[in-house]
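Fold and geometry: a report
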2 protein chains.
Amino acid sequence: MPLVSIKGKTMPASPIRKLVPFAETAKKEGKKIYHLNIGQPDIETPSTLLDAVKNSNIKILEYSHSAGIESYRKKLAKYYNGFHINIDWTDIMITTGGSEAIEIAMMTCFNAGDEIIIPEPFYANYNGFSCAADVIVKPVKSTIETGFSLPPIQEFEKLITPKTKGIMICNPGNPTGYLYSRQELELLKQLVLKYDLFLLSDEVYREFCYDGKEYVSVMHLKDIDNNIILLDSISKRYSACGARIGALISKNKEVMITALKFAQARLSPPTFGQIGAEAALDTPKEYFDKVQKEYVERRNFVIQTLNKMEGVFCPKPSGAFYCIARLPIDNSDKFCQWLLESFDFNGETVMLAPATGFYSTPGSGLNEVRLAYVLNKESLQKAMVCLENALKVYPGRIK
Amino acid sequence: MPLVSIKGKTMPASPIRKLVPFAETAKKEGKKIYHLNIGQPDIETPSTLLDAVKNSNIKILEYSHSAGIESYRKKLAKYYNGFHINIDWTDIMITTGGSEAIEIAMMTCFNAGDEIIIPEPFYANYNGFSCAADVIVKPVKSTIETGFSLPPIQEFEKLITPKTKGIMICNPGNPTGYLYSRQELELLKQLVLKYDLFLLSDEVYREFCYDGKEYVSVMHLKDIDNNIILLDSISKRYSACGARIGALISKNKEVMITALKFAQARLSPPTFGQIGAEAALDTPKEYFDKVQKEYVERRNFVIQTLNKMEGVFCPKPSGAFYCIARLPIDNSDKFCQWLLESFDFNGETVMLAPATGFYSTPGSGLNEVRLAYVLNKESLQKAMVCLENALKVYPGRIK
């Protein structure tokens, strides 16, 4: 029998999905599970998006341009201009979700064996795309004590070798919820310019910044246009994960020409998703205000409740809809599995993401979990009750 | 300025798209262009598919399962069973177009530096996906004189090295329209078993087999299940290129488990496309009968007309909606560009795909072009008049 490739063998399984079989068994046994494990929001998709698809009048469902529908790209450029991101529609390539934007950016910017520095914990699928592109991730550790702020810039510099070709960040951060300050981004800029690296920034949680804190995009940095690649997605913005529409944005023309070659090979992004995404740009501000208010309330509740639990610590994030909590446990993989397999509180339990999957350094995140506050407050309350009671009886609890 | 990767630089531009700027200029000058250059059918998408999307009642446009919506996979398995392809729904992974099925199959089965043998001319984007996966394509030449039938099996065997890990075919073929016979596939099977290779078969034109000729799938071959990967798409079947829905199918469990890891990294295929694709499985047989009748008439007209032109030879294909014609020209790239830049017949011209882009061996296909008969008969007739007149005055004509 022919064997799958070493790349295929070493491709990491999604850390969030590996618990799914245990969740399925728990469900079959009749347990109710509160899913705080995955960034699938419960917020309704705006009707602007859904109605545009329903009212589309297509006779032939054709390929779109490989870089996306021109009218959508033009309108999308204005959306970014509204965030003081000074780009033209030709600087935008529409992708099949933010996932494809990451994959094409890696294929475009890096060669097999090149190294990329990423502050950890980071979005687990960066590992998968790095594997697909044969790029080596060099993690630099951020810590829960600082709320996962940018690690000291010297820690990045220590890792730089002749193979280092880029730095990648997620801002606001998944899984940390951390929002980088202008000063932090300026430090990154200096390093990027010093070593002439690419700076890839995943900013899909732009709409989710709280407490009046400023969203600073890498595209706001001056005199560094050729090094910057912005990765984006409408999945979280409009609660439209299934549309599979994202974007790769750069003012570096060589990057865009090369990225387009990868895009042409796969022909085009999905047409229905693009129709919806274009219409969604007219979603009224009230939609976002309401969503933001909801997330702030959820976050405040979750953070307060977690920090009241004995032995639990959770920094308060300023963005996205995730937080990482430190728990008094031996092993977060075991704990999250145990929650599904062996625990219930009045027939209910909670599903969390072990933070181990968000670290590239082995042995990290063993006492941390990621919570996505994507459920309504009533469900969140019940989920917190489950977690509190679980921690009281978990056999691997550490004093 | 940081440099884009060598992979990015060596990624081939789509041979079909490279003429697009010339077409745009021609259009601006007021020329009417008959597009026979791209496989975008003019056939209407069945209402089953479009109506299902329009009538969808989604509140939250969520991620689907990474392997696709279960109900769609189950129904799709039955579609294949109807072609005597004996598979279960768990043997199917839904992909974002056939493009992603090819890409994930290559990432799953092959390592950087592995070699894959493909009969040429072949679908140009196989080059792109090979480049993305760092796989080396070893072409084996099929010839226009035989109508692009399978090259002698010894020609494949000559290319086999310890690095050879697979063979890839397209059946019915793009760009050739050739339909492999059972005997040809049995020869491939023997070779695949002898060297324990993967056999990847792109069968997206299954519904387009003519003259009562038998469609034989690689999945019909006995005792070779673990070596077989079927790649598919709904783009041509339902004239739904913009849906971006395909499938990767194998009974090799290790392949499917590994492929799913790549699928999980990109989260899910598009939801609207899957809703449409599931409904499209109920498209009545009359739709396909009508489409097939239309394509046969177009093919017959195009082939007859081409072969009447002086110095032109075009074998009659039995499948898909392409044919490759040999023309009395010096260079098909130059000729196709000249058609757009320097020629018109009563203000009209024709856009063709130079066959050079479908060959991996440099210098091949210089006197061949691919025609996609995806226009109605009236337009095809006018396109043929343009071509005939163009050949009379083309400065690079060879006697």
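My aim in this report is to walk through the structure given alongside it, one point at a time. As the structure is a prediction and not an experimental result, all values here were calculated from the model.

This part is about the side chain of B:N252. In this fold, B:N252 is placed in the loop between β8 (246-249) and α9 (253-265). Under the relative-accessibility criterion, B:N252 is labelled buried at 1%. Reaching out from B:N252, the side chain makes a polar contact with the backbone nitrogen of B:E254 at a distance of 3.0 Å. Only 3.1 Å separates the side chain of B:N252 from the backbone nitrogen of B:V255, close enough to count as a polar contact. Non-local contacts of B:N252, meaning those with residues more than four positions away in its chain, are made with A:M1, A:P2, B:F198, B:D225 and B:N226.

Attention shifts here to the packing of helix α12 (residues 332-341) of chain A against helix α13 (residues 377-393) of chain A. Residue and element names in this part refer to chain A. It is at 11 Å that the axes of α12 and α13 come closest, and there the two elements cross at 110°. With respect to α13, the element α12 is oriented roughly perpendicular. Crossing hand, α12 versus α13: right-handed. Two secondary-structure elements touch here, α12 through F335, W338 and L339 and α13 through L387, A390, L391 and V393. A class-by-class count of the residues in the contact of α12 with α13 yields seven nonpolar, no polar and no charged.

This next bit is on helix α3 (residues 47-54) of chain A. Along α3(A), the positions that sit buried rather than exposed are A:L49, A:L50, A:A52 and A:V53. Mapping the buried residues of α3(A) onto a view down its axis gives an arc of 160°, with all of them on the same face. Buried residues belonging to α3(A) abut α10 (271-280) of chain A together with α3 (47-54) and α10 (271-280) of chain B.

Right, let's talk about unusual backbone geometry for a bit. Where the residue is not glycine, phi is negative for most of them; where a peptide bond is considered, it is trans in most cases. A cis amide bond links A:N174 to the next residue, A:P175, at an omega of 15°. Mapped onto the elements, A:P175 comes out in the loop between β5 (164-170) and α8 (182-195). Cis geometry is found at the peptide bond from B:E120 to B:P121, where omega equals 0°. Mapping B:P121 onto the fold places it in the loop between β3 (115-120) and α6 (125-132). Even without being a glycine, A:F148 presents a positive backbone phi close to 70°. Look at A:F148 and you get buried, because its relative accessible area is 2%. Phi angles above zero are rare outside glycine, and B:L267 is one such case at about 75°. With respect to the helices, strands and loops of the structure, B:L267 is situated in the loop between α9 and α10. Judged by relative accessible area, B:L267 falls into the buried class, the value being 10%.

We now examine the sheet that holds strand β12 (residues 368-372) of chain B. For sheets, the rule is that strands pair by backbone hydrogen bonds, running either parallel or antiparallel. Residues and elements named next belong to chain B. An order of β9-β12-β11 is seen for the three strands of this open sheet, with the pairing classed as antiparallel. Every interior strand has two partners, whereas the edge strands, β9 (322-326) and β11 (353-354), have only one. Pairing geometry for β9 and β12, over five bridges, is antiparallel. Its bridge partner being in β12, Y322 is matched across the sheet by A372.

Residues and elements named next belong to chain A. Applying the stated criterion to the full structure yields 41 aromatic pairs over all chains. Centre to centre, the rings of F83 and Y215 are 5.8 Å apart; their planes meet at 90°, and the pair counts as edge-to-face. Residue F83 is located in the loop between α4 (70-81) and β2 (92-95), and its partner Y215 is located in the loop between β6 (198-202) and β7 (228-233); the two are separated by 132 residues in the primary sequence. With relative accessibility at 22%, the residue F83 sits in the partly exposed group. The class of Y215 is buried, set by a relative accessible area of 11%.

What counts and what doesn't
Residues numbered from 1 in each chain as written. Chains lettered and ligands numbered in written order. Predicted model: local features only at pLDDT ≥ 70, side-chain atom pairs only at ≥ 80, totals over all residues. Heavy atoms only, no water. Helix = DSSP H or I, 4+ residues; strand = E, 2+ residues; numbered from the N terminus. Buried < 20%, exposed > 50% of the residue type's maximum accessible area, 1.4 Å probe, protein only. Polar contact = N/O pair within 3.5 Å; in protein donor to acceptor, adjacent residues only side chain to side chain. Contact = heavy atoms within 4.5 Å. Axes fitted to C-alpha atoms, helices over the stretch in contact; angles between N-to-C directions. Parallel < 35°, antiparallel > 145°, perpendicular 65-115°, else oblique. Left-handed = near helix turned anticlockwise from the far one by under 90°. Nonpolar A, V, L, I, M, F, W, Y, C, P; charged D, E, K, R; others polar. Arc of directions from axis to C-beta. Pairing = 2+ DSSP bridges. Phe/Tyr/Trp six-rings, centres within 6.5 Å; stacked < 30°, edge-to-face > 60°.

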